[in-house]
Amino acid sequence: MGDRNTGAAAGGGAIYGLGIFGAWVYFWQQADGFWEFVWAILQGIFWPAFMVYEAFSALGG
C-alpha cells in the first residue's frame with residue numbers, strides 16, 4: 001500500500017515550479033543591471049513569501 005497523496009503533492013510541486021519560472025521571467029525582464037538580475041533570481045525563488053507579506057500588509061491597513 002502506497003501513499004495516496006503522492007500524486008497531489010507532485011502536482012502541487014509542479015505548479016509551484018511553474019510559478020517560480022514565471023516569476024523569474026517577469027523579474028528578469030524588469031532587471032537592468034547585474035545586481036538587479038541577482039535580485040530577480042532571489043525574488044523568483046521567494047515570490048510566495050513576498051505575496052503573502054503584501055497581502056497581510058494590505059489587510060492590516
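In this text, all values refer to a predicted model and were calculated from it rather than measured experimentally. (Residues numbered from 1 in each chain as written. Predicted model: local features only at pLDDT ≥ 70, side-chain atom pairs only at ≥ 80, totals over all residues. Heavy atoms only, no water.)

### Here's the deal with the UniProt feature "transmembrane region" (unreviewed entry) in the chain
1) Next: Under the UniProt annotation, "transmembrane region" (unreviewed entry) lies at residues 7–28 and 34–56.
2) Next: Split by type, residues 34–56 is 100% helix and 0% strand. Its first and last C-alpha atoms lie 31 Å apart. (UniProt positions renumbered as here; feature names shortened; annotations may be inferred. Helix = DSSP H or I, 4+ residues; strand = E, 2+ residues; numbered from the N terminus.)

### Digging into the nonpolar core
1) Next: Counting 5 residues, the largest nonpolar core is built from Ile20, Ala23, Phe27, Ala40 and Trp47.
2) Next: Taken together, the elements giving at least two residues each to this core come down to helix H1 (6–30) and helix H2 (34–60).
3) Next: When neighbours within four sequence positions are excluded, alanine 23 is seen to be in contact with Gly44 and Trp47. (Core = buried A, V, L, I, M, F, W, Y, C linked by side-chain atoms within 4.5 Å. Buried < 20%, exposed > 50% of the residue type's maximum accessible area, 1.4 Å probe, protein only. Contact = heavy atoms within 4.5 Å.)

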